[in-house]
Amino acid sequence: MYNLPTNTKKWQFDIFLKKIFKKKTDAPFAQLLINVHPLPLFHVKSPIFLFYSASVRQGIVDSVKRALGDQKVKSVVICGQNGVFCGGADIREFGRQMSGPPLVPMIHDIEAANKPVVAAIEGSALGGGLELALGCHYRISHSKAKLGLPEVTLGLLPAAGGTQRLPRLIGVPAALNLITTGRHVTAAEALQLGILDHVTEHNTVDVAVKFALSVTGESLDGRRISSFSCAPLSDLDSLFEEAMLKVRGAARGAIAPVACVQAVRAAATLPYAQGMEREKELMATLFHSGQARALQYFFFAQRAVGRWSTPSGARWDTSQPRPVRKAAVIGLGTMGRGITVALAQAGLSVVAVETHAKQLMEAKKAVPSMLKRGAVRGGTTIEPDSITYSETVQAVADVDLVIEAVFEDMALKEKVFQQLSIVCKPDTLLCTNTSSLDVDHLASQTRHPELVVGMHFFAPAHVMKLLEVVYGRRSSPAAVATAMQLGKKMGKVSVAVGNCRGFAGNRMLKRYLEQAFFLLEEGATPELVDRALEEFGFPMGVFRMSDLSGLDVGWRVRKADGLADTSLTGTSARVRQGCRYSPLGDLLCEHGRFGQKTGRGWYQYDKPGGRVAKSDPWLHNFLDEYRARHGLVPRCIDQQEVLERCLFVLINEGFQILEEGIAAGPEDIDAIYVFGYGWPRHRGGPMFYADMVGLERVVERLERYHQAHPNVPYLQPSGLLRRLVANGSPPIHKWRNVIKNRNSQL
Ligand SMILES: CCCCCC/C=C/CC(=O)SCCNC(=O)CCNC(=O)[C@H](O)C(C)(C)COP(=O)(O)OP(=O)(O)OC[C@H]1O[C@@H](n2cnc3c(N)ncnc32)[C@H](O)[C@@H]1OP(=O)(O)O
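An unreviewed UniProt entry annotates the protein as Peroxisomal bifunctional enzyme of Takifugu rubripes. UniProt, in its Pathway (unreviewed entry) section for the protein, records the words "Lipid metabolism; fatty acid beta-oxidation."

Here it is as structure tokens:
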């Protein structure tokens, strides 16, 4: 038995792994020692996630060297610890100075070995983990393992030979697909693609050991992937042109997918050694890029939102969720149908209630076909009778949780909550899918306000990943924990937020929309504003998005708030409660232009329901007349102003939300914006973007715009933003300390 290499500090492993597995396993790490089986087999254990930590790489290099140098060792098996082969590099190391042996020569040495090296894959072989396996001569995997090269999702490319070996092994088209999407594949698919040599249901290491012994002494000439040529293709140029077009279309400005295509092209057209040089060159452009930083930040941000807390002290690790087996949805409009589908897909039994007979009949047809489409897409099966339909609220008497999704009208919702409070079991959780109404007020309509929370889904509810879980003043920790867990079960990213008008997402969006309207008044066009936002990376600019969601939705809310009065004249036409207001959206609705559904909105469409937005001369005339009527002289507005005005106000509101404790940390806001509002992931989210731009600059620009528009109070930098700047603009992961210090002084 060889001992742990002397330069490896075992306690470092202990600390790291305990952190990763704090909830999963207490397995001791004594076994982290490199085990050598009684010869002739050498058995290298690599610990999960630590592959790239310098000491682990050193450990593997040393052990492999010993195994290859020991004449009595005839074959080598590389496996992972605790049933996981290797999840790839430790992403946290990327931001730091990299030390220890580099990966490329390490894998090269394994591949060049004159003894068979077999990868025994369990759990995951991802990123550098799969690249290590591709350097081995054989790959044997457990049937439950997942494999992939997810580097592109971290703003990188597989730079340890992954872009050069995979196309040589499985062909260019399949490799392009895996490398540019970063998707994980099952062992079955990996076997079919040719990544694996064998898949087993049994103990993978035992199978690999047996296999390694059986191939001892056989020639390895045909087993070194770097010596393969890519399978020839008839029209390589058009294949890569198409791939590039596809990737550029989907990437919305992300550079890593483009570099991935270029690297695979090198594999298809250059000898291996030159291909490796190209891979290295391309990686060098990505490795320190802002996009890689943003995507790696977002990897951890997504996970951080699961560790939620509320100002009252409820927390993810101390609040016990309740089991939810049967749920109900009240109201089967578009949102209610989507929620019903998402609940059924999560394996719950659902009671779907709609009091309007016609709407119920339509839902009974629509929901099963949505489920069927989902099952086809996801390759799953759905229990058809997991949903029962009813025309009466009495049908929800025995459910564990109800989600109300009726029309966005407080009086109607009040009535529903009063009824639910009578009909349901006393411990049933009552949730509202309101997008902006007061959750505390709805809770006050019930006998158990502690069991009321908001579950704000985003349309289409069975597709969109985001769920805002809104805790009210009296929501119990168990109620919040249950909604958070149910969201996760439904495949959502659940983010806990406090109760305020519009919660986190829509409250920020309101500022963004208002600025877009003001820009039109000042001389911009919907096309100019949308182009700037789309070039920034949003899938749709603000006006195209408004046309898609329907302009009447916001109009109804503004009318209810007493804002949408277009009979006002003179200066008061553009002022409400002392602040600047633009009635442009209201005027458009008065013309019956509700967006795509009416075939007219900020753009024109070929028919009601049409999807292709075309510039509309009517709209441009309407804007000219409007400006003339109000004495507004149009000026030239550039893309930078559009971005600063629209994005910096949204960000400023985000700081205000953090200041008020509506969101616990910047990661929550960033997850909300990436998953719910199309913020480009490679820009990390609005709060990360502010950090990248520089907080001082954000303050300076906001102040400047506020001077130009003093009747827009929210252009003034928020107190938290100013305090962060006063504290020397700490990096985003330290903002929570500044927020905490402030709150502890209150
Ligand atoms: C100049 C040349 C240099 C060469 C550059 C070398 C490049 C190498 C390429 C790579 O290998 S990049 C990394 C590729 N690997 C991944 O992207 C895997 C990411 N992880 C996952 O997909 C999942 O975590 C998992 C492995 C499938 C496990 O999923 P599970 O749901 O079971 O657990 P999680 O909740 O996701 O994670 C648990 C815990 O672990 C942290 N973590 C996961 N992966 C990593 C990692 N690669 N590095 C650091 N930390 C990782 C995760 O953040 C969780 O911890 P937290 O405290 O709860 O956040």
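(A) Quick look at the sheet that holds strand E10 (residues 349-353). Strand order in the open sheet formed by eight strands is E11-E10-E9-E12-E13-E14-E15-E16, with mixed pairing between adjacent strands. This sheet does not close on itself; its edge strands, each paired only once, are strand E11 (387-390) and strand E16 (493-498). Strand-to-strand twist across the sheet, computed as the mean angle between neighbouring axes with direction ignored, equals 25°. Against the sheet, helix H15 (residues 410-423) touches strand E9 (326-330), strand E12 (401-404), strand E13 (429-432) and strand E14 (452-457), its axis set at about 170° to E13.

(B) Expanded view of unusual backbone geometry. For the bond running from Ala459 to Pro460, omega is -10°, close enough to zero to count as cis. Position of Pro460 among the secondary structure elements: in the loop between E14 and strand E15 (466-471). The backbone phi angle of Phe503 is positive, close to 50°, even though this residue is not glycine. On the basis of relative accessibility, which here comes to 0%, the residue Phe503 falls in the buried class.

(C) Expanded view of the domain arrangement of the protein. Looking at the protein, the domain boundaries give domain 1 (33-288), domain 2 (326-503), domain 3 (524-634) and domain 4 (640-661 + 664-744). Using C-alpha coordinates to define each centre, domain 2 is positioned 32 Å away from domain 4. If you look at the interface, domain 2 gives ten residues, while domain 4 gives eight residues. Carbon and sulfur atoms supply 70% of the area buried between domain 2 and domain 4, which totals about 750 Å² over both sides. Connecting domain 2 to domain 4 are zero salt bridges. In this assembly, domain 2 and domain 4 are joined by one residue pair in polar contact (both at pLDDT 80 or more). Looking at the side of domain 2 that touches domain 4, the elements with two or more residues in it are E15 and E16.

(D) Just the environment of Gly313, in detail. Considering the arrangement of structural elements, one finds Gly313 in the loop between helix H12 (290-304) and E9. The exposure class assigned to Gly313 is partly exposed, which follows from its relative accessible area of 46%. A C-alpha to C-alpha distance of 8.6 Å links Gly313 and Pro477, two positions 164 residues apart in sequence.

(E) Geometry of helix H25 (residues 666-677). With twelve residues, H25 ought to run about 16 Å at 1.5 Å a step, and its terminal C-alpha atoms sit 16 Å apart, in line with that. The buried fraction of H25 is high, at twelve of twelve residues. Taken residue by residue, H25 has Pro666, Glu667, Asp668, Ile669, Asp670, Ala671, Ile672, Tyr673, Val674, Phe675, Gly676 and Tyr677 as its buried positions. Two residues or fewer after H25 comes Gly678, characterised by a positive phi angle close to 75°.

(F) Molecular detail of the packing of aromatic side chains. A full pass over the atoms with the stated rule returns 19 aromatic pairs. Ring geometry for Phe517 and Phe543: centres 6.4 Å apart, planes at 20°, overall stacked. Linking Phe517 in helix H18 (residues 505-522) with Phe543 in helix H20 (residues 542-549), this pair joins segments that are 26 residues apart in sequence. Across the pair, exposure class does not vary: Phe517 and Phe543 are buried alike. Ring-pair connections join several aromatic residues into one group, and the members of that group are Tyr512, Phe536, Phe538, Trp679 and Tyr689. For the cation-ring pair, Arg511 lies above Tyr714, with the distance from its terminal atom to the ring centre recorded as 4.0 Å. Across the ring face of Phe536, the terminal group of Arg683 is positioned such that the distance to the ring centre comes to 4.1 Å.

Calculation notes
- Residues numbered from 1 in each chain as written.
- Predicted model: local features only at pLDDT ≥ 70, side-chain atom pairs only at ≥ 80, totals over all residues.
- Heavy atoms only, no water.
- UniProt positions renumbered as here; feature names shortened; annotations may be inferred.
- Pairing = 2+ DSSP bridges.
- Helix = DSSP H or I, 4+ residues; strand = E, 2+ residues; numbered from the N terminus.
- Axes fitted to C-alpha atoms, helices over the stretch in contact; angles between N-to-C directions.
- Contact = heavy atoms within 4.5 Å.
- Buried < 20%, exposed > 50% of the residue type's maximum accessible area, 1.4 Å probe, protein only.
- Domains from an automatic or database assignment.
- Buried area = accessible area lost by both parts, 1.4 Å probe.
- Salt bridge = Lys/Arg side-chain N within 4 Å of Asp/Glu carboxyl O.
- Polar contact = N/O pair within 3.5 Å; in protein donor to acceptor, adjacent residues only side chain to side chain.
- Expected span 1.5 Å × (residues − 1).
- Phe/Tyr/Trp six-rings, centres within 6.5 Å; stacked < 30°, edge-to-face > 60°.
- Lys NZ or Arg CZ within 6 Å of the ring centre and 35° of its normal.

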